[in-house]
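Understanding the architecture of this molecule
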Amino acid sequence: MSTVQGDKSEAILDAAYGIFGSKGFYETKMSDIADEAGIAKGTIYLYFKNKEQLFIAVSKRDCDSFISRLDYALKSHESTGDKLGAIAKTHLTYYYERRNHTKLFFMAPNNDPDLMKFMKAFMNEYMSMVREVLENAGVPEPVLLAEAYIGILDRLKMDIMLNPEFNEEHLNKRIAFAAALFLDGCRSFLQV
């Protein structure tokens, strides 16, 4: 692919990300994306067969970035506690950075089998990274604990996505809280 084509593809993905994020999948028109990208509508179809494929490409680029950031963060830390903190920071910061694009998550084509297949593979990769941290720490039931930790983080992300007054101070509090709660359990928070 030439540089010009690569630039067009990136322009399409950038435009689609913004419009899908603000309008949602079903309310977005390919002509809106073309206008935002500064190209003819037909040009989009040279790169993407349909709106579903474009949405998957946007999601893939975003998820690949998440996995790369998490991988870098995990390699930058030694202790289990620091790695758990890095997971929480990567997960919650990801949603904090996308808090103005919530419709990417809440208004997606959830019945598209290709999107579901991609999302399953992404979640398996993410789960595997968290499980590996826990396995290396020697904890029992690393799969269940990885699921539980990601579950905690997913619940905390809802505050980010749904509260328009959520700020960086709230973000940092939740990052520290999630890692401490998971690492130490409820005992560290009880007054006994």
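In what follows, the structure referred to is the one given above.
What this report covers is the structure whose coordinates are included nearby. Nothing here was measured: the structure is a model prediction, and the numbers come from that model.

Rules used in this analysis
Residues numbered from 1 in each chain as written. Predicted model: local features only at pLDDT ≥ 70, side-chain atom pairs only at ≥ 80, totals over all residues. Heavy atoms only, no water. Core = buried A, V, L, I, M, F, W, Y, C linked by side-chain atoms within 4.5 Å. Buried < 20%, exposed > 50% of the residue type's maximum accessible area, 1.4 Å probe, protein only. Helix = DSSP H or I, 4+ residues; strand = E, 2+ residues; numbered from the N terminus. Contact = heavy atoms within 4.5 Å. Axes fitted to C-alpha atoms, helices over the stretch in contact; angles between N-to-C directions. Left-handed = near helix turned anticlockwise from the far one by under 90°. Nonpolar A, V, L, I, M, F, W, Y, C, P; charged D, E, K, R; others polar.

If you look at the biggest cluster of nonpolar residues, it comprises 56 residues, and the most contacted ones within it are Phe-20, Ile-33, Ile-44, Leu-54, Ile-87, Tyr-126 and Tyr-149. Looking at this core, the elements that each hand over two or more residues are α1 (3-23), α2 (30-37), α4 (51-75), α5 (80-97), α7 (113-136), α8 (142-162) and α9 (168-184). No other element matches α4, which puts 10 residues into this core. Leaving out residues up to four positions away in the same chain, Tyr-126 has contacts with Phe-66, Ile-67, Leu-70, Ile-87, His-91, Ile-150 and Leu-153.

Our next topic: the packing of α7 against α8. The N-to-C vectors of α7 and α8 enclose an angle of 115°; their axes lie 8 Å apart at closest approach. The way α7 lies across α8 gives a crossing that is right-handed. Residues Met-123, Tyr-126, Met-127, Val-130, Arg-131, Leu-134 and Glu-135 of α7 touch α8, and the partners they reach there are Pro-142, Val-143, Leu-145, Ala-146, Glu-147, Tyr-149, Ile-150 and Leu-153. Partitioning the contact of α7 with α8 into residue classes produces 12 nonpolar, no polar and three charged.

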